[in-house]
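Chain by chain, the residues:
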Amino acid sequence: MENNTTQISREDLEELREAFDKIDIDNSGYVSDFELQELFREARFSLPGFKVREIVEKMLGAADHNKDEKISFEEFVSLYQELKSKEVRESFRKAINKKDGIRSFGGTSGISSEGTQHSYSDEEKVAFVNWINKTLAEDPDCKHLLPMDPENESLFKSVKDGILLCKMINFSQPDTIDDRVINTKKLTTFTISENLVLALNSASAIGCTVVNIDAQDLIMGKPHLVLGLLWQIIKIGLFADIQISRNEALIALLGEGEDLEQLLSMSPEELLLRWVNYHLNNAGWQPIGNFTEDIKDSKAYFHLLNQIAPKGERDDEIKITIDMSRFTEKDDIQRAEFMLQQAARLDCRQFVTPADVVAGIHKLNIAFVANLFNTYPALNKPNHNDIDLSLLEGETREERTFRNWMNSLGAYPYVNHLYRDLTDALVILQLYEKIQVPVEQKRVNRPPYPALGGNMRKLENCNYAVELGKKEAKFSLVGIGGVNINEGNKTHTLALVWQLMRRYTVKVLSDLGEGEKVNDELIVNWVNTALKEGKKETAITSFKDKLISTSLPVIDLIDTIAPNAIKEEMVKRENLSDEDKLNNAKYAISVSRKIGAQVYALPDDLVEVKPKMVMTVFACLMGRGLKNVKA
């Protein structure tokens with residue numbers, strides 16, 4: 001049956017969650033029906049009071065599943081989706097109130113947003129422009145674009161040649177894109193398109209959701225898509241080091257009676273909140289509970305800056321004194337301005353204006369705080385002899401690849417920890433739908449889970465996920481039960497996740513007519529046939545072939561299916577050192593993405609010949625090659 005309800009992206013869901021949490025002041029998980037108007041306003045879908053009353057009378061019965069005159073987040077999302085659907089949107093379009101700071105425009109943007117009206121935030125535009133201007137100020141390849149003017153629309157024009165996006169991806173996740181692959185000279189329509197495809201596939205590889213964005217959207221500079229993509233890229237960079245495995249000093253944030261496992265399960269945003277409150281406690285100031293209402297008066301920020309500012313205690317440290325004299329300023333805007341002047345002394349006046357602080361704009365405030373943390377964490381690793389430091393083992397490349405793949409597909413909630421965030425199987429069940437394994441939604445338990453029996457609900461989801469894998473997907477899950485996923489067992493979770501990713505990767509080959517059962521032998525044979533037809537000297541015996549460590553079979557295959565994509569002067573073919581192999585691998589991965597192959601593997605996977613990841617590279621290139629044939 002066709003579904004006419006507007007689909008909600010993960011980015012939209014995050015913004016709806018921000019709006020919901022602003023209204024749900026007591027953190028009960030519910031809002032009352034009389035708070036709906038304010039909730040819609042926060043969600044940038046403002047409606048007059050009489051229209052909200054109509055909605056309550058006409059539609060709330062359907063949305064309020066529990067009939068309790070209270071609305072959970074899930075019920076709100078359901079209601080929001082209904083309102084955004086075409087039929088209701090046409091009825092209420094004239095009632096939409098254009099909120100200050102929000103620009104609205106009509107138009108189409110790919111499959112999911114055809115015919116819809118979109119809005120974007122001037123505050124976000126200004127914040128991102130200033131951050132990019134600072135970040136890429138010294139990059140010679142961006143001189144034709146920077147500095148951008150935050151007061152005009154230059155940001156949306158700056159992404160059109162793909163260079164800026166590629167550079168921002170590399171800033172957030174260094175070495176994601178081989179700079180040698182970015183087209184920077186004498187750009188043509190074709191080379192610009194190549195850059196944009198490279199940027200989008202690379203963004204996907206680091207965990208950005210780009211399923212409804214293509215190169216043409218970026219060439220057209222569609223504001224909501226540009227801002228959405230840039231925010232994902234910026235956020236990934238800001239949050240990269242806010243994890244205990246990469247910053248053991250975060251152990252200092254352990255609360256009394258807590259064990260390390262509780263801290264490890266926190267998202268970067270939760271750790272940031274804990275970090276702020278750690279410093280507020282040291283300052284003798286009350287803790288905050290969010291980055292919206294609780295920071296509007298700037299007072300928590302004043303104390304935070306005063307705590308993290310360098311005290312000049314080391315010989316190599318310059319003392320920076322925070323001026324607290326305007327802490328008691330009566331005007332909120334003026335107080336915020338003076339606070340930001342102090343942040344500027346730390347070279348951290350980024351992402352927010354005084355108005356953004358006073359308005360409690362969650363996205364920009366959390367970016368402001370993340371930048372403060374990254375610049376001046378002001379934490380010392382404690383001597384906890386009773387802590388099992390083996391728990392701090394960082395994620396492997398394979399785990400990071402799986403996590404990025406899930407997030408790039410729009411997994412909700414966002415996967416920060418591969419095992420801990422899959423223990424209720426909600427993300428796994430979403431992945432089944434991506435490989436076209438039907439999921440009975442009535443069998444899926446969704447949060448919020450009750451305090452009593454909540455884990456049983458999660459376990460039921462996990463049992464269902466394993467059942468689907470065995471019966472419907474025909475996965476090999478011998479000895480794996482739902483309890484293993486629920487407990488975060490690494491070996492068993494990886495076994496299931498790998499088979500999901502493999503099925504997703506080879507699905508395109510089945511769609512192109514290569515049969516439903518695509519095995520390794522079929523892919524290897526296709527690769528060797530293509531290499532032979534391309535008159536290449538390389539060939540592989542399997543995905544464990546040591547020749548793959550040179551990346552030459554991959555490079556030759558790319559050259560066969562996309563002539564002129566490889567610049568031979570960039571390739572080292574004889575007497576390869578370890579550095580040469582890595583350079584070849586970086587080049588091969590980036591060119592693969594540039595020609596349209598959605599490769600998630602990393603250069604080290606080729607150098608070390610990791611069979612699973614190697615398979616995905618060749619499968620993606622095979623899919624790209626078969627599309628040539630079909631065309």
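Before any of the text, the structure's been laid out above.
Summary of the structure given here. (Residues numbered from 1 in each chain as written. Predicted model: local features only at pLDDT ≥ 70, side-chain atom pairs only at ≥ 80, totals over all residues. Heavy atoms only, no water.)

Our focus in this paragraph is the packing of helix α6 (residues 122-135) against helix α11 (residues 223-239). It is the contact of α6 with α11, at a shortest axis distance of 11 Å, that shows an interaxial angle of 50°. When the axes of α6 and α11 are compared, the pair comes out oblique. Judged by the sense of rotation from one axis to the other, the crossing of α6 with α11 is left-handed. Listed contacts from α11 to Glu 124, Lys 125, Phe 128, Trp 131 and Ile 132 of α6 are Leu 227, Leu 230, Trp 231, Ile 234 and Leu 238. (Axes fitted to C-alpha atoms, helices over the stretch in contact; angles between N-to-C directions. Helix = DSSP H or I, 4+ residues; strand = E, 2+ residues; numbered from the N terminus. Parallel < 35°, antiparallel > 145°, perpendicular 65-115°, else oblique. Left-handed = near helix turned anticlockwise from the far one by under 90°. Contact = heavy atoms within 4.5 Å.)

The next subject is helix α18 (residues 397-408). With 12 residues, α18 extends 16 Å between its outermost C-alpha atoms, agreeing within 8% with the 16 Å of an ideal straight helix rising 1.5 Å per residue. Counted residue by residue, α18 has 9 buried out of 12 residues, so it is predominantly covered. Inspection of α18 places Glu 399, Thr 401, Phe 402, Arg 403, Asn 404, Trp 405, Met 406, Asn 407 and Ser 408 among the buried residues, and these make up the whole buried set. Trailing α18 by a residue or two, Gly 410 shows a phi angle of about 85°, which is positive. (Expected span 1.5 Å × (residues − 1). Buried < 20%, exposed > 50% of the residue type's maximum accessible area, 1.4 Å probe, protein only.)

On to the packing of helix α9 (residues 189-205) against helix α25 (residues 578-594). At a closest axis distance of 7 Å, the pairing of α9 and α25 adopts a crossing angle of 115°. Comparing their axes, α25 and α9 come out roughly perpendicular. Residues Glu 194, Val 197, Leu 198, Asn 201, Ser 202 and Ala 205 of α9 pack against Ser 590, Arg 593 and Lys 594 of α25. In the contact of α9 with α25, the residues fall into 3 nonpolar, 3 polar and 3 charged. (Nonpolar A, V, L, I, M, F, W, Y, C, P; charged D, E, K, R; others polar.)

This paragraph deals with empty space enclosed by the protein. Under the counting rule described, the total for this entry stands at 1 cavity of 30 Å³ or more. Each pocket or cavity is described by its volume, and for the largest cavity that value is around 30 Å³. With 4 residues, the top contributor of residues to the lining of the largest cavity is α25. Residue composition of the lining of the largest cavity, by class: 3 nonpolar, 2 polar and 4 charged. (1 Å grid on protein atoms, 1.4 Å probe; cavity = no way out; pocket = protein on both sides within 12 Å on 5 of 7 lines; lining within 4 Å. Points joined across faces, edges and corners; volume = space filled by probe spheres on them.)

Our next topic: the environment of Leu 198. Examined against the element boundaries, Leu 198 turns out to sit in helix α9. Taking the C-alpha atoms as reference points, Leu 198 and Val 181, 17 residues apart in sequence, are found 8.7 Å from one another. In this view, Leu 198 contacts Cys 166, Ile 177, Val 181, Ile 182, Ser 590, Arg 593 and Lys 594; residues no more than four positions away in its chain are not counted.

Let's shift gears to the pattern of salt bridges. For the structure on display, the rule yields 28 salt bridges. When the shortest N-O distance is used, the salt bridge between Lys 222 and Asp 217 registers 3.0 Å. A single burial state applies to Lys 222 and to Asp 217, both of which are buried. When the shortest N-O distance is used, the salt bridge between Asp 605 and Arg 397 registers 3.4 Å. Taken together, the positions of Asp 605 in helix α26 (residues 603-607) and Arg 397 in helix α18 put the pair 208 residues apart, joining distant regions of the chain. Taking the relative accessible area as the measure of exposure, Asp 605 reaches 3% and is therefore buried. The class of Arg 397 is partly exposed, set by a relative accessible area of 21%. Linked by salt bridges that have partners in common, Asp 139, Asp 141, Lys 167 and Asp 179 make up one network. (Salt bridge = Lys/Arg side-chain N within 4 Å of Asp/Glu carboxyl O.)

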